[in-house]
Amino acid sequence: MPIILGLESSCDETAAALVSGDRTILAHRLAGQEAAHRPYGGVVPEIAARAHVEALIPLVQAALDDAGMTLADVDAVAATAGPGLIGGVMVGLVTGKALAHAAGKPLVAVNHLEGHALSPRLADPALRFPYLLLLVSGGHCQLLEVRGVGDYRRLATTIDDAAGEAFDKTAKLLGLGIPGGPRVEVLARDGDPRAVPLPRPLIGTAEPHFSFAGLKSAVMRAIDGGQWNDADIAASFQQAVVDCLVDRTARALAVADRPTALVVAGGVAANGAVRAALEDLARRHDLPFVAPPLWLCTDNAAMIGWAGCERFAAGLTDDLAFPARPRWPLDPAAEAVRGAGVKA
Ligand code: KG4
Ligand code: ZN
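Chemist: Whenever I open this one, the domain arrangement of the chain confuses me. Can you help?
Modeler: Size of an interface: often given as the accessible area lost when the parts come together. Domain assignment breaks the chain into domain 1 (3-116 + 298-313) and domain 2 (128-287). A separation of 27 Å is found between the C-alpha centroids of domain 1 and domain 2. Counting residues at the interface gives 12 residues for domain 1 and 12 residues for domain 2. For the domain 1 and domain 2 pair, buried surface summed over both sides reaches about 1,100 Å², with 66% attributable to carbon and sulfur atoms.

So, in structure tokens, the structure goes:
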């Protein structure tokens, strides 16, 4: 069984993991940067990159120590090569290249989105290709047919903001601070999801694309109006996002090519209301529902190590000249959608 060292540094989590081809996570170390970014109310790319420089090598050493291993025991080094904040991606990719070069092991350059897309297979050995994936994170909101390792067909994307971004913006407007998404979820538990009338952009349209910019503005107006309490706004906002995700995913199920399961991944997949609604949708379509455990939904290195395992097993290793790619679509054939790609 190959053992892969996985590195993640594309946003504000620095992480290192050792993952085996039999799905054993031998070690996982993660350092968040929330305290460093909190004064600014969001992730500052320059601060993130500097923090990765400080944290990454000690995390790699700690992961190796946890597993009782050295680099000699590793079969390949997998590092996120994009998409993400370019400074952080460069820190992780160059570190991965240096370790691979020094240890004489192959490099696997991993697309961060492929890390999320394959993470459900790390959690569930029974999950087979093809599956329909709703990938919802801070930077992305896509529906993908996952047909195999490195083989993705994008059915839909957001024409403006990602769902996680809308959660983070709502948290900021409500003065909840960071991490935004989980704080909105906690506040929403005390609110009435039907209290505040909010739009469900693009619901009912033929193509399963997403839009959240209008919802964000509506939340802003609701807060400015002063008519509702914060918990009702949080609950109503979350319900609007859930309704959009479910409607769009149902639409994708209607056009997808015989998926074996409905799968959700990415940071927003950690949201309980999102998971419950999608599980219900899968049941109505007589499909198994797969969602990774919460810690595997948000950014981590185990998913990068696992994507590294899958690619290594398929013979897909990369040259040490592999570039850092701030933008890197999973489906290169997907056509640009009006308004999409504004955010990384
Ligand atoms: O996948 P991820 O960790 O990083 C990216 O690749 O973007 O996703 C982070 C996003 C953030 O927008 C965060 O607010 C959101 O996922 N998120 C949540 C929850 N946990 C994380 N959104 C709603 N509810 C949650 N429990
Ligand atoms: Zn992510």
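Chemist: Help me understand the packing of aromatic side chains in this model?
Modeler: The way to describe two aromatic rings as a pair is by their centre distance and the angle between their planes. With the rule as written, the count across this model stands at 4 aromatic pairs. Ring geometry for Phe167 and Phe237: centres 5.0 Å apart, planes at 80°, overall edge-to-face. One end of the pair, Phe167, is in helix 5 (residues 163-173); the other, Phe237, is in helix 8 (residues 230-255), with 70 residues separating them in the sequence. An identical accessibility class is assigned to Phe167 and Phe237; each is buried. The interplanar angle of 15° and the centroid separation of 6.2 Å between the aromatic rings of Phe210 and Phe212 together place this pair among those described as stacked. Given a relative accessible area of 0%, Phe212 falls into the buried group.

Chemist: Mind showing me how you'd approach the sheet that holds strand 10 (residues 289-290) here?
Modeler: For sheets, the rule is that strands pair by backbone hydrogen bonds, running either parallel or antiparallel. An order of 8-7-6-9-10 is seen for the 5 strands of this open sheet, with the pairing classed as mixed. Each having just a single partner strand, strand 8 (151-156) and strand 10 make up the two edges of the open sheet. Of the strand pairs in this sheet, strand 6 (residues 131-136) and strand 7 (residues 141-148) are connected by 6 bridges, and their pairing is antiparallel. By the bridge assignment for strand 7, Tyr131 is matched with Val146.

Chemist: Looking at this structure, I do not really get helix 6 (residues 180-188). What am I missing?
Modeler: It helps to recall that an α-helix has 3.6 residues per turn; residues three or four apart then point in one direction. Looking only at helix 6, the buried set comprises Gly180, Gly181, Val184, Glu185, Leu187 and Ala188. The buried side chains of helix 6 occupy one side of the element, clustering within an arc of 165° when seen end-on. Buried residues belonging to helix 6 abut helix 5, helix 8 and helix 9 (272-284).

Chemist: How do you make sense of the environment of Leu64 when you look at a structure like this?
Modeler: With respect to the secondary-structure elements, Leu64 resides in helix 2 (residues 45-67). In sequence terms Leu64 and Pro39 are 25 residues apart; their C-alpha atoms lie 33 Å from each other. Residues in contact with Leu64, not counting those within four places in the same chain, are Leu18, Met69, Thr70, Leu71 and Val74.

Chemist: How should I be thinking about the packing of helix 5 against helix 6 in this particular structure?
Modeler: The axes of two packed helices give the description: the angle between them and the distance between them. Two elements in contact, helix 5 and helix 6, have axes separated by 8 Å at closest approach and are oriented at 70°. Considering the angle they form, helix 5 stands roughly perpendicular to helix 6. Considering only the axes of helix 5 and helix 6, their crossing is left-handed. Where helix 5 approaches helix 6, its residues Phe167, Asp168, Thr170 and Ala171 are matched on the opposing element by Gly180, Gly181 and Val184. Looking at the contact of helix 5 with helix 6 residue by residue, the classes come out as 3 nonpolar, 3 polar and 1 charged.

Conventions and cut-offs
Residues numbered from 1 in each chain as written. Chains lettered and ligands numbered in written order. Predicted model: local features only at pLDDT ≥ 70, side-chain atom pairs only at ≥ 80, totals over all residues. Heavy atoms only, no water. Domains from an automatic or database assignment. Contact = heavy atoms within 4.5 Å. Buried area = accessible area lost by both parts, 1.4 Å probe. Phe/Tyr/Trp six-rings, centres within 6.5 Å; stacked < 30°, edge-to-face > 60°. Helix = DSSP H or I, 4+ residues; strand = E, 2+ residues; numbered from the N terminus. Buried < 20%, exposed > 50% of the residue type's maximum accessible area, 1.4 Å probe, protein only. Pairing = 2+ DSSP bridges. Arc of directions from axis to C-beta. Axes fitted to C-alpha atoms, helices over the stretch in contact; angles between N-to-C directions. Parallel < 35°, antiparallel > 145°, perpendicular 65-115°, else oblique. Left-handed = near helix turned anticlockwise from the far one by under 90°. Nonpolar A, V, L, I, M, F, W, Y, C, P; charged D, E, K, R; others polar.

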